[in-house]
Amino acid sequence: MSEKQAAIDLKNITVAFDKKGETLTAVDDVSLQVKRGSIYGIVGYSGAGKSTLVRVINLLQRPTSGTVTVSEQNLQKLSDKKLREVRQKIGMIFQQFNLLRSRTVLNNVEYPLLGEKISRAKRKKKAQELLKLVGLADYASSYPEDLSGGQKQRVAIARALANDPDILISDEATSALDPQTTDSILQLLQKLNQKLGLTVFLITHEMQVIKSICQQVAVMENGRIIESGSVGQVFARPQQPLTRDFIESAANVTQMRQQIVDDQLRENLQPNERLLYLKFSSNATSESVISELTAKYGIKANILFANVQKVAQLSLGYMLVILSEKNGKIQVGIDYLQESGVTVNDLTEQKGENANAS
Ligand SMILES: Nc1ncnc2c1ncn2[C@@H]1O[C@H](COP(=O)(O)OP(=O)(O)O)[C@@H](O)[C@H]1O
Ligand SMILES: [Mg+2]
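Conventions adopted
- Residues numbered from 1 in each chain as written.
- Chains lettered and ligands numbered in written order.
- Predicted model: local features only at pLDDT ≥ 70, side-chain atom pairs only at ≥ 80, totals over all residues.
- Heavy atoms only, no water.
- UniProt positions renumbered as here; feature names shortened; annotations may be inferred.
- Near = heavy atom within 4 Å.
- Polar contact = N/O pair within 3.5 Å; in protein donor to acceptor, adjacent residues only side chain to side chain.
- Areas by Shrake-Rupley, 256 points an atom, 1.4 Å probe, with all protein chains shown as cover.
- Helix = DSSP H or I, 4+ residues; strand = E, 2+ residues; numbered from the N terminus.
- Nonpolar A, V, L, I, M, F, W, Y, C, P; charged D, E, K, R; others polar.
- Pairing = 2+ DSSP bridges.
- Contact = heavy atoms within 4.5 Å.
- Axes fitted to C-alpha atoms, helices over the stretch in contact; angles between N-to-C directions.
- Parallel < 35°, antiparallel > 145°, perpendicular 65-115°, else oblique.
- Buried < 20%, exposed > 50% of the residue type's maximum accessible area, 1.4 Å probe, protein only.
- Phe/Tyr/Trp six-rings, centres within 6.5 Å; stacked < 30°, edge-to-face > 60°.

Going by an unreviewed UniProt entry, the protein carries the name Phosphonate-transporting ATPase and comes from Ligilactobacillus pobuzihii. What the UniProt record of the protein gives under Sequence similarities (unreviewed entry) is the line "Belongs to the ABC transporter superfamily." Per its UniProt entry, the protein bears the Catalytic activity (unreviewed entry) comment "ATP + H2O = ADP + phosphate + H(+)".

What follows is the structure in structure tokens.
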């Protein structure tokens, strides 16, 4: 990506805090580029350094080392006045909305414009337009306490857009919301991205959020980016165990794994049975491959769990299945699965501790 295409360009960012005489490296040599007009997501558990990294983008947190370039300007070289101008073009939303309780919804959205050279009438009109854009035209005179969580976040989004930012940063903005409301807020962010050309940089601890609207993703652990790429690429071929964990929990595979232990599936297998965990990607659809197993090889497939998720035009399937066959020819079927592009994990032999002890 050329410098010009990058809305955000971070190079070798390290943020170290002094904690009672010890150094805590919250962000550790992170480099990333966010293409203008794209939606870029960072996923990581609590404490990974996501919020610290996000605060570096507008220099609310100055990095210990590294360079911060936003819209082709090295922010560390700007005067305070210039930096304030750049910051106005970076909107931010948070998990806890941060609305002013004593002001109406309209006044909350107007708030960032109070110090600006703009007439009262224009300011009001701008705020009304933004409320319309986020679907809250009828709530201008309401107070934050009268709104649901999703509506509060919409007000916060409208307020973040008051200065016509180029970039919107979302720090766990949907983390306090139920799944349905989360979806509607993500759809809104996507609409703003498409309609206004807004670059969205979002951080989350939920892979589900990444999956639904991001184009690029980076996985963060202990201050470092351990894996990154297009969402399709990372979901189809995760390289790091943590990335796999995030993806599998988004597809409910984690619960499935627990089910195997709880139901003692391995312990109850017959000698002619194999317990397999299969992963399908677009080129091998689960239905055709499984029916082929039966038709061609006479192998019975008992599907215990199956989930297909659509990610960036790819369909990715996860399946837990018990294969059984009378004449000891199961391996032929497993070879067939692998030749068809299915990733096969044989769970049959991975007995629990109890089994080993007996
Ligand atoms: N201002 C600060 N002073 C000292 N330590 C901090 C400060 N801000 C964050 N940290 C520490 O940096 C680490 C990363 O925190 P944070 O960026 O908030 O992670 P995340 O947003 O991924 O949960 C944590 O260990 C946190 O305690
Ligand atoms: Mg955080």
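The full set of residues close to ligand 1 is F17, K19, L24, A26, Y45, S46, G47, A48, G49, K50, S51 and T52. Backbone polar atom of G49 to an oxygen atom of ligand 1: 3.0 Å apart, as the coordinates give it. Contacts to ligand 1 include T52, whose side-chain N or O atom sits 2.5 Å from an oxygen atom. Computed on the free molecule, ligand 1 has an accessible area of 560 Å², of which 64% lies beneath the protein chains in the complex. For the shell around ligand 1, the elements supplying multiple residues, two or more each, are β1 (6-19), β2 (22-35) and α1 (50-57). Here the shell around ligand 1 gets 3 residues from one element, more than from any other, and that element is α1. Looking at the shell around ligand 1 residue by residue, the class counts come to 5 nonpolar, 5 polar and 2 charged.

What follows concerns the sheet that holds β1. A sheet is described by the order of its strands in space; here 4 strands give the open sequence β2-β1-β4-β5, paired in antiparallel fashion. The open sheet is flanked by β2 and β5 (73-74), the only strands paired with a single partner. With 5 bridges connecting them, β1 and strand β4 (residues 65-70) associate as antiparallel partners. Considered in β4, the bridge of K11 is made with T67. Contacting β1, β2 and β4, α1 crosses the sheet at an angle of about 125° to β1.

Where helix α9 (residues 241-250) meets helix α10 (residues 253-262), the axes come as close as 5 Å, and the angle between the chain directions of the two elements is 85°. Judged on the interaxial angle alone, α10 and α9 are roughly perpendicular. Every residue of α10 that contacts α9 at D245, E248 and S249 is listed here: V253, T254, Q255 and R257. A breakdown of the residues in the contact of α9 with α10 according to their chemical character gives 1 nonpolar, 3 polar and 3 charged.

So, on to the side chain of T204. Looking at where T204 falls in the secondary structure, it is placed in strand β8 (residues 199-204). Classification of T204 as buried rests on a relative accessible area of 2%. A distance of 2.9 Å separates the side chain of T204 from the backbone nitrogen of E206, its partner in a polar contact. Here T204 is in contact with I42, V43, G44, K50, E172, V209 and I210, once residues within four sequence places are set aside.

Attention now goes to the environment of V70. Along the chain, V70 falls in strand β4. Spatially, the C-alpha atoms of V70 and L323 are 54 Å apart, while their sequence positions differ by 253 residues.

Under the defined criterion, the tally for this structure stands at 3 aromatic pairs. When the centroid spacing of 5.6 Å and the interplanar angle of 5° are considered together, the rings of Y40 and F201 count as stacked. With a gap of 161 residues between them, Y40 in strand β3 (residues 39-43) and F201 in strand β8 connect regions that are remote in the sequence. Given a relative accessible area of 0%, F201 falls into the buried group. Summarising the aromatic geometry, the rings of Y45 and F246 are spaced 4.6 Å apart at their centres and angled 35° between planes, so their arrangement reads as tilted. Pair noted here: Y45 is in the loop between β3 and α1 and F246 is in helix α9, with a separation of 201 residues, a long-range link. A residue is classified by how much of its surface remains accessible, and Y45, at 45% relative accessible area, is partly exposed.

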